[in-house]
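Structural features, examined
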Amino acid sequence: MESEKKSSVSDVGAWAMNVVSSVGIIMANKQLMSANGYSFTFATTLTGFHFAVTALVGMVSNATGFSSSKHVPLWELIWFSIVANMSITGMNLSLMLNSVGFYQISKLSMIPVVCVMEWILHNKRYSKDVKMSVVVVVIGVGVCTVTDVKVNAKGFLCACVAVLSTSLQQISIGSLQKKYSIGSFELLSKTAPIQACSLLVLGPFCDYYLSGNLLLDYKYTSGAIFFILLSCSLAVFCNFSQYLCIGRFSAVSFQVIGHMKTVCVLTLGWLLFDSALTLKNILGMLVAVAGMVIYSWAVEVEKSNTKSPHAAKNSLTEEELRLLKEGMEKVDVEAGQSKA
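Calculation notes
Residues numbered from 1 in each chain as written. Predicted model: local features only at pLDDT ≥ 70, side-chain atom pairs only at ≥ 80, totals over all residues. Heavy atoms only, no water. Helix = DSSP H or I, 4+ residues; strand = E, 2+ residues; numbered from the N terminus. Buried < 20%, exposed > 50% of the residue type's maximum accessible area, 1.4 Å probe, protein only. Contact = heavy atoms within 4.5 Å. Salt bridge = Lys/Arg side-chain N within 4 Å of Asp/Glu carboxyl O. pLDDT = per-residue confidence, 0-100. UniProt positions renumbered as here; feature names shortened; annotations may be inferred. Phe/Tyr/Trp six-rings, centres within 6.5 Å; stacked < 30°, edge-to-face > 60°. Core = buried A, V, L, I, M, F, W, Y, C linked by side-chain atoms within 4.5 Å. Expected span 1.5 Å × (residues − 1). Patch = residues over 30% accessible without salt bridge, like charges linked within 9 Å, V, L, I, M, F, W, Y side chains within 5 Å. Areas by Shrake-Rupley, 256 points an atom, 1.4 Å probe, with all protein chains shown as cover.

1. What to know about the overall build of the protein chain
Broken down by element type, the protein chain carries 12 helices and 0 strands. Secondary structure elements of the protein chain, listed N to C terminal, follow the sequence α-α-α-α-α-α-α-α-α-α-α-α. For the protein chain, buried positions account for 41% of its 340 residues. Here the contacts in the protein chain between residues at least 6 apart in sequence split such that 86% fall between residues at least 24 apart.

Right, dumping it as structure tokens:
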């Protein structure tokens, strides 16, 4: 019972770390990249900075013995990094080429795509309650975020690449942890250097295509440097908590509960940046939160239904073993009497 309480506390802590760090990094990046802030329009390169700092923290952790290093084949790490970088680049291109409304729709489509991919790759099935709760979350977030929807062929292609690669990346995080019995931070420490190197090399070219600005021409101020360092620091916690949550739960749970970040960002945008918050936004957020609560309940019910037959099977086996033992003892006694 006590171990279950500790597990519940650590689960809540993992989710809280992810939500707080993700919302914090969005707010910091908004100040860093917006025209009213410091106009640092190099999103892909900034992500390279994030993984560089994360890799540095992982190296220090391994050197000091705080974390252990387990073997994962290099080709799997490279393949994972390619998929993850495709996800980052695809998302940035999708946001540039499509309207914000279609970009939000593509992000919402990740939940059903992850479900389908897990069914194809791992033969994982979901109960009717889980499916219904996912639909409620998608509707709620869609109502509060989707406005204008404009799409073109290039944007649609980039959105498809982004959704498929992001879904595959998140599923791979969980499968790699289970396959090699490696912790979330250890896996992140192995993938972060590869992603950092590739993004820092390719990022400036990608950002020049997206924004038309050269990284070398940007004039760094003390304020811009502060927010870059703040963004990188929060990224360490954000990346770690993402691997931790997916490893402890699943990619679907990460997507569903992760939309709590959308609700928090809309609320903080209204409080801190005077963003408009309409009745439609509020109703959508309430529906989304209700869907998350229903999803959490449905997952717990599914877990209890899975455990119950297993427990019954174990108790039945123990009963059979007891009867078998008594029967064997009876046979031994009868055999001894016949010999006498």
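Having seen the model, we can carry on.
2. As for the pattern of salt bridges
Oppositely charged side chains may form a pair once their charged atoms are brought near each other. In this structure the tally under the stated criterion is 2 salt bridges. Here Lys-179 makes a salt bridge to Glu-76, at a shortest N to O gap of 3.0 Å. Remark: Glu-76 occurs in helix α3 (residues 74–97) and Lys-179 occurs in helix α7 (residues 153–180); sequence separation between them is 103 residues. Note on Lys-179: relative accessible area 53%, which makes it exposed. For Glu-76, a relative accessible area of 7% puts it in the buried group.

3. Some points on the environment of Val-201
Position of Val-201 among the secondary structure elements: in helix α8 (residues 184–211). Val-201 sits in the exposed class, given a relative accessible area of 51%. Between the C-alpha atoms of Val-201 and Gly-48, which are 153 residues apart in sequence, the distance is 8.6 Å.

4. A few points about the confidence of the model for the protein chain
Parts of the prediction with low pLDDT should not have their coordinates interpreted in detail. In the predicted model, the protein chain carries a mean pLDDT of 78, and 82% of its residues have values of at least 70. Per-residue pLDDT, averaged within each element of the protein chain, yields its smallest value for helix α12 (residues 279–339) (62) and its largest for helix α2 (residues 43–63) (91). Confidence drops under pLDDT 50 across residues 309–321; counting only partners more than four residues distant or on other chains, this segment forms 0 contacts.

5. Brief notes about unusual backbone geometry
Positioned with a positive phi, Ser-39 is a non-glycine residue whose angle comes to about 50°. One can find Ser-39 in the loop between α1 (2–33) and α2.

6. Topic: the UniProt feature "transmembrane region" (unreviewed entry) in the protein chain
Per the UniProt record, "transmembrane region" (unreviewed entry) is annotated on residues 40–60, 72–95, 222–240, 252–273 and 279–298. Here residues 72–95 runs as 92% helix and 0% strand, with 34 Å between its end C-alpha atoms. End C-alpha atoms of residues 222–240 are separated by 28 Å, and the span's content is 100% helix alongside 0% strand.

7. What to know about the side chain of Gln-195
The residue Gln-195 is located in helix α8 in this model. Using a relative accessible area of 1% as the deciding quantity, one classes Gln-195 as buried. Those residues within four positions of Gln-195 in sequence are excluded, and the remaining contacts are Phe-51, Phe-80, Ser-81, Ala-84, Asn-85, Ile-88 and Tyr-243.

8. Let's talk about the side chain of Gln-169
Position of Gln-169 relative to the elements: it lies in helix α7. Gln-169 gets classed as buried once you look at its relative accessible area, which sits at 9%. In contact with Gln-169, not counting residues within four places along its chain, are Phe-80, Val-83, Ala-84, Ser-87 and Gln-242.

9. Looking at the packing of aromatic side chains
By the definition in use, this model includes 9 aromatic pairs. Each ring, one from Phe-226 and one from Phe-227, has its centre 5.3 Å from the other, and the planes form 80°; the classification is edge-to-face. For Phe-227, a relative accessible area of 17% puts it in the buried group. An aromatic cluster is built from Phe-40, Phe-42, Tyr-218 and Tyr-220, whose rings are joined through pairwise contacts.

10. Examining the nonpolar core
Ranked by size, the top nonpolar core spans 19 residues in total, and within it Val-130, Val-252, Val-256 and Tyr-295 carry the most contacts. Of all the secondary-structure elements, those providing two or more residues to this core are α5 (110–122), α6 (128–145), α10 (251–258) and α12. No other element matches the 5 residues that α12 contributes to this core. With 15 residues, the next largest nonpolar core counts Leu-176, Leu-187, Ile-246 and Phe-254 among its residues.

11. Observations concerning the environment of Gln-31
Here Gln-31 shows up in helix α1. Residue class for Gln-31 comes out partly exposed when judged on its relative accessible area of 25%. Spatially, the C-alpha atoms of Gln-31 and Phe-227 are 7.8 Å apart, while their sequence positions differ by 196 residues.

12. Thoughts on α2
Over its 21 residues, α2 extends 30 Å from the first C-alpha to the last, a length consistent with the 30 Å expected when each residue adds 1.5 Å. At the exit of α2 stands Gly-65, carrying a positive phi of roughly 80°.

13. Focus on the environment of Ser-181
Positionally, Ser-181 belongs in the loop between α7 and α8. Put simply, Ser-181 and Lys-70 are 111 residues apart on the chain and 8.4 Å apart in space, counted from C-alpha to C-alpha.

14. Quick word on a nonpolar patch on the surface
Taken together, the side chains of Leu-74, Ile-78, Ile-82, Met-86, Leu-157 and Val-161 present a nonpolar region at the surface, about 540 Å² in accessible area. Within the residue set of the nonpolar patch, elements represented by two or more residues are α3 and α7. It is α3 that contributes the most residues to the nonpolar patch, 4 residues altogether. Structurally, Leu-157 is set in helix α7.

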